[in-house]
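A closer look at the structure
Chain residues, written in single-letter form:
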Amino acid sequence: MPDIMEMIGKEVEVIANGVSYKGVLIEVSDTDVHLKGTLGYISLPTSSVTEVRPTEKKTVQWENTFDVPAEEKKDLIP
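Below is a short write-up of the structure. Every chain is numbered on its own, with residues counted from 1 as its sequence reads. pLDDT decides what is reported in this predicted model: residues at 70 or higher carry local features, side-chain atom pairs at 80 or more are listed and counted, and totals for whole chains, interfaces and linings draw on all residues regardless. Based on all heavy atoms of the structure, the side-chain values leave hydrogens and waters out of the count.

1. Structural notes on unusual backbone geometry
Even without being a glycine, N17 presents a positive backbone phi close to 55°. Position of N17 relative to the elements: it lies in the loop between β1 (11-16) and β2 (19-28). Helix and strand assignments come from DSSP, with helices taken as H or I runs of at least 4 residues and strands as E runs of at least 2, each series counted from the N terminus.

See below:
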């Protein structure tokens, strides 16, 4: 398990009060843990944080959704 200070600036998953938060770890202090999530910044009290771990893989829900195979690509105007 990497040191928490080595995870600053990287994608992490933080478990606090039984809830999982994902984002980029911005800062860790004696009182708060700060993340940059997809919808904004998240501040969690250090006393409620039970685990901080690096994320396995960044998932993108719509990745490659609109890719069309080369054999199906046709010119719009013949």
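2. Re the pairing of strand β3 (residues 32-36)
Only protein chains enter the area calculation, which uses a 1.4 Å probe; residues under 20% of their type maximum are buried, those over 50% are exposed, and those in between are partly exposed. Side chains of β3 alternate between two faces, with V33 and L35 buried and D32, H34 and K36 left unburied. Should DSSP find at least two bridges between two strands, the strands are taken to pair. Where β2 meets β3, four bridges bridge the pair, whose relative direction is antiparallel. Bridging across to β3, E27 finds its partner in H34. Adjacent in sequence and paired antiparallel, β2 and β3 are bridged by three residues. Pairing between β3 and strand β4 (residues 41-45): five bridges, direction antiparallel. Bridge assignment links H34 to a residue of β4, and that residue is S43. Adjacent in sequence and paired antiparallel, β3 and β4 are bridged by four residues, among which G40 carries a positive phi angle near 150°.

3. Focus: the pattern of salt bridges
Basic side-chain nitrogens of Lys or Arg form a salt bridge, by our definition, when they fall within 4 Å of a carboxyl oxygen of Asp or Glu. Evaluation of the coordinates by the stated rule reveals two salt bridges. A salt bridge links R53 to E13, with the nearest nitrogen and oxygen atoms 3.3 Å apart. Of the two residues, R53 sits in strand β5 (residues 49-54) while E13 sits in strand β1, which places them 40 residues apart along the sequence. Judged by its relative accessible area of 14%, E13 falls in the buried class. Among the salt bridges present, the one from R53 reaches E51, with a minimum N-O distance of 2.9 Å. Taken together, the shared-partner salt bridges in this structure form one network comprising E13, E51 and R53.

4. Brief notes about the nonpolar core
Nonpolar cores are built from buried Ala, Val, Leu, Ile, Met, Phe, Trp, Tyr and Cys residues. Side-chain atoms within 4.5 Å join them into one set. Membership of the largest hydrophobic core is limited to ten residues, which are M7, V12, V14, A16, L25, V33, L35, L44, V49 and V52. Mapped by element, the contributors of at least two residues to this core are β1, β3 and β5. With three residues, β1 is the single largest residue contributor to this core.

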